[in-house]
Amino acid sequence: MQKRKLGQQGLETSALGLGCMGMSEFYGQGDEAESIATIHRALELGINFIDTADMYGPFTNEELVGKAIRDRRDAVVLATKFGNVRGQNREFLGIRGDADYVRQACDASLKRLGVDHIDLYYQHRVDTRVPIEETVGAMAELVKAGKVRYLGLSEAAPATIRRAHAVHPISVLQTEYSLWSRDAEAEILPTVRELGIGYVAYSPLGRGFLTGQIRRIEDLPADDYRRNAPRFQGENFQRNLDLVAEVESMARAKNCSAAQLALAWVLAQGEDIVPIPGSKRRRNLEDNVGALDVRLTPEDLQRLDRILPPGAAAGERYAAPQMQALNR
């Protein structure tokens, strides 16, 4: 497995990570046994970068990941997140970044995961009511206490990243990045590269759309949150489907899957980028790993730029309430 360095503090991970969110929520019914088998298969294949968050489930995804890695903790670079507050009845209760909450959230995550430290701890969403200096200051205390090794931010604006990095080195910035979500190229990627911060790309397969396996909205489970996502609705759906058809055509010519082509494109954007596609099943995970063997020529990259230039995808990447929670 290829390795990549994220940031300048010593964090190194597999070139591909595994996002675990969909194992517990948002993408239809989960299967714990298959999810754990998928995490174990990822480790067998050399993927050591496992991504979860306290809000997934809520709470249950950390417990699942903890159960899966209990007897192989040393083989895992474990990432989790805080900031999106959920209730026991799955309700969303807002965003918190105050120092007290940072400490409480970390202790709760450590307990659910069944570990004594978190390798990479992210602020999941920025709390605009709390100075980022307070939030990162509390996160830095966790590093000093040995509870956390490296710090990360998710969906933070360039100015926020700079202020945070001045308090304590930020090793990783995570935002959505894929062939159909290229917003980060304008300001985020230049900012983190200037500061020496690594970049983790979530939803690198466009929430599954870029795999070509979603042909109709009915292909999604009834309780799948993507049914309410703008890019999966109405005219946007068909327009995006037409774009994916071109990606599929190119993938066939290269003798790989559309998912592998989409992931290979993200991997080709820089050695400081690690995509973390989500997989609930071993077969999808194994297909994703094949992306590491796909070589894209300059001509291939130019063709993909023509097919899906920045802004090509129809519709916002989140519904309005979720877009408002982004720090932009």
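Along each chain, residue indices are assigned from 1 in the same order as the chain's sequence is written. Only residues with pLDDT of 70 or above have their local features reported here, since the model is predicted, and side-chain atom pairs are shown and tallied only from 80 upward, although totals for entire chains, interfaces and linings are computed over all residues. Each side-chain value is derived from all of the structure's non-hydrogen atoms; neither hydrogens nor water enter the calculation.

- The chain is annotated in an unreviewed UniProt entry as Aldo/keto reductase from Noviherbaspirillum pedocola.

## Brief notes about the nonpolar core
So, step 1. Take the buried residues of types Ala, Val, Leu, Ile, Met, Phe, Trp, Tyr and Cys, join any two whose side-chain atoms come within 4.5 Å, and each joined set is a nonpolar core. Summary of the burial criterion: residues with accessible area below 20% of their type's maximum are buried, those above 50% are exposed, and those between are partly exposed, where the area comes from a 1.4 Å probe applied to protein chains only. Core analysis: the largest hydrophobic core is formed by 89 residues, its most contacted members being Leu18, Ile39, Ile161, Leu173, Tyr177 and Tyr199.
So, step 2. Helix and strand definitions follow DSSP, with helices as H or I runs of at least four residues and strands as E runs of at least two, each counted in order from the N terminus. Looking at which element gives the most residues to this core, the answer is helix 8 (residues 258–267), with nine residues.
So, step 3. Dropping the residues within four chain positions of it, Ile39 is found in contact with Leu18, Cys20, Met23, Ile50, Leu64, Val65, Ala68 and Ile69.
So, step 4. Counting 16 residues, the second-largest nonpolar core is a separate cluster that includes Phe49, Leu120, Val274 and Tyr318. Note on contacts: a residue pair is in contact if any heavy atoms of the two residues lie within 4.5 Å.

## Re the packing of aromatic side chains
So, step 1. Geometry of aromatic contacts follows a simple scheme: Phe, Tyr and Trp rings, the Trp one being its six-membered ring, pair when their centres are within 6.5 Å, and the pair is stacked under 30 degrees between planes, edge-to-face over 60, tilted otherwise. The tally for this structure, following the rule as stated, stands at seven aromatic pairs.
So, step 2. With centroids separated by 6.1 Å and ring planes inclined at 85 degrees, the aromatic side chains of Trp180 and Phe232 adopt a geometry described as edge-to-face. Separated by 52 residues along the polypeptide, Trp180 in the loop between strand 10 (172–176) and helix 6 (188–195) and Phe232 in the loop between strand 11 (198–202) and helix 7 (234–253) bring together distant segments of the chain. Note on accessibility: Trp180 and Phe232 belong to one class, buried.
So, step 3. Each residue in the set Trp180, Phe209, Phe232 and Phe237 is aromatic and connected to the rest through ring pairs, giving one cluster.
So, step 4. The ring centre of Phe92 lies 4.0 Å from the NZ or CZ of Arg86, which sits over that ring.
So, step 5. Lying across the ring of Trp180, Arg231 places its NZ or CZ 5.0 Å from the centre. Whether a charge sits over a ring comes down to the Lys NZ or Arg CZ being within 6 Å of the ring centre and within 35 degrees of the ring normal.

## Quick notes on the UniProt feature "domain: NADP-dependent oxidoreductase" (unreviewed entry) in the chain
So, step 1. Look at the UniProt record and you will see "domain: NADP-dependent oxidoreductase" (unreviewed entry) annotated at residues 16–307.
So, step 2. Secondary structure content for residues 16–307 is 40% helix and 15% strand, while the C-alpha to C-alpha distance between its ends is 24 Å. UniProt positions are given in the numbering used here, feature names are shortened, and annotations may be inferred rather than shown by experiment.

## Topic: the layout of surface pockets
So, step 1. A 1.4 Å probe that fits into a set of points on a 1 Å grid over the protein atoms alone but cannot get out defines a cavity; an open set with protein on both sides within 12 Å along at least five of seven lines defines a pocket, and lining residues are those with an atom within 4 Å of a point. Grid points are joined across faces, edges and corners, and a volume is the space filled by probe spheres set on the points. For the second largest pocket, the calculated volume is near 290 Å³.
So, step 2. Surrounding the second largest pocket, 18 residues form its lining, Asp183, Ala184, Ile188, Arg317 and Arg328 being those nearest its centre.
So, step 3. Polar here means any residue other than Ala, Val, Leu, Ile, Met, Phe, Trp, Tyr, Cys and Pro, which are nonpolar, and Asp, Glu, Lys and Arg, which are charged; Gly is therefore polar. Looking at the lining of the second largest pocket, its residues break down into eight nonpolar, three polar and seven charged.

## A few points about the pattern of salt bridges
Two side chains of opposite charge can pair, provided their charged atoms sit close to one another.
So, step 1. What counts as a salt bridge is simple: a side-chain nitrogen of Lys or Arg found within 4 Å of a carboxyl oxygen of Asp or Glu. In this structure the tally under the stated criterion is 29 salt bridges.
So, step 2. Residues Glu286 and Arg41 are paired through a salt bridge, measuring 2.8 Å at the closest nitrogen-oxygen approach. One end of the pair, Glu286, is in helix 9 (residues 282–289); the other, Arg41, is in helix 1 (residues 32–44), with 245 residues separating them in the sequence.
So, step 3. Here Arg41 falls in the partly exposed class, since its relative accessible area comes to 26%.
So, step 4. One continuous salt-bridge network, built from bridges that share partners, spans Glu155, Glu176, Arg207 and Arg317.

## Focus: the sheet that holds strand 4 (residues 49–51)
So, step 1. Strand pairing is assigned whenever DSSP identifies at least 2 bridges connecting the two strands. Taken in spatial order, the eight strands line up as 3-4-5-8-9-10-11-12 in an open sheet, and their pairing is parallel. Two strands lie at the open edges of the sheet, namely strand 3 (18–19) and strand 12 (273–275), each paired on one side alone.
So, step 2. Examined bridge by bridge, strand 9 (residues 148–154) and strand 10 share three bridges and lie parallel to one another. Residue pairing in the sheet places Gly152 in a bridge with Val172 of strand 10.

## Remarks on the packing of helix 5 (residues 158–167) against helix 6
So, step 1. In contact at an axis separation of 9 Å, helix 5 and helix 6 are set at 20 degrees when each is read in the N-to-C sense. In terms of their interaxial angle, helix 5 and helix 6 are classed as roughly parallel. Helix 5 and helix 6 meet at a crossing whose hand is right-handed. Within the contact between the two elements, helix 5 uses Pro158, Ile161, Arg162 and His165 and helix 6 uses Ile188, Thr191, Val192, Glu194 and Leu195. Here the axes come from fitting lines to C-alpha atoms, over the contacting stretch only for helices, and the angles between their N-to-C directions go from 0 to 180 degrees. What sets the label is the angle itself: under 35 degrees gives roughly parallel, over 145 gives roughly antiparallel, 65 to 115 gives roughly perpendicular, and the rest give oblique. Note: crossing handedness is left-handed where the near helix turns anticlockwise from the far helix by less than a right angle, and right-handed where it turns clockwise.

## Brief notes about empty space enclosed by the protein
So, step 1. Counted under the stated rule, the structure contains one cavity of 30 Å³ or more.
So, step 2. Roughly 30 Å³ of volume is contained in the largest cavity.
So, step 3. Every residue lining the largest cavity is listed: Glu176, Trp180, Arg207, Ala229, Arg231, Phe232 and Arg317.
So, step 4. Classifying every residue of the lining of the largest cavity gives three nonpolar, no polar and four charged.

## Notes on helix 7
So, step 1. Given a rise of 1.5 Å per residue, 20 residues ought to cover 28 Å, and the 30 Å separating the end C-alpha atoms of helix 7 matches this to within 8%.
So, step 2. All of the buried residues along helix 7 are Phe237, Asn240, Leu241, Leu243, Val244, Val247, Glu248, Met250 and Ala251.
So, step 3. Of the residues flanking the end of helix 7, it is Asn255, one or two places downstream, whose phi is positive at about 60 degrees. Between the first and last residue of a helix there are one fewer steps than residues, each counted as 1.5 Å, and that sum is the expected span.

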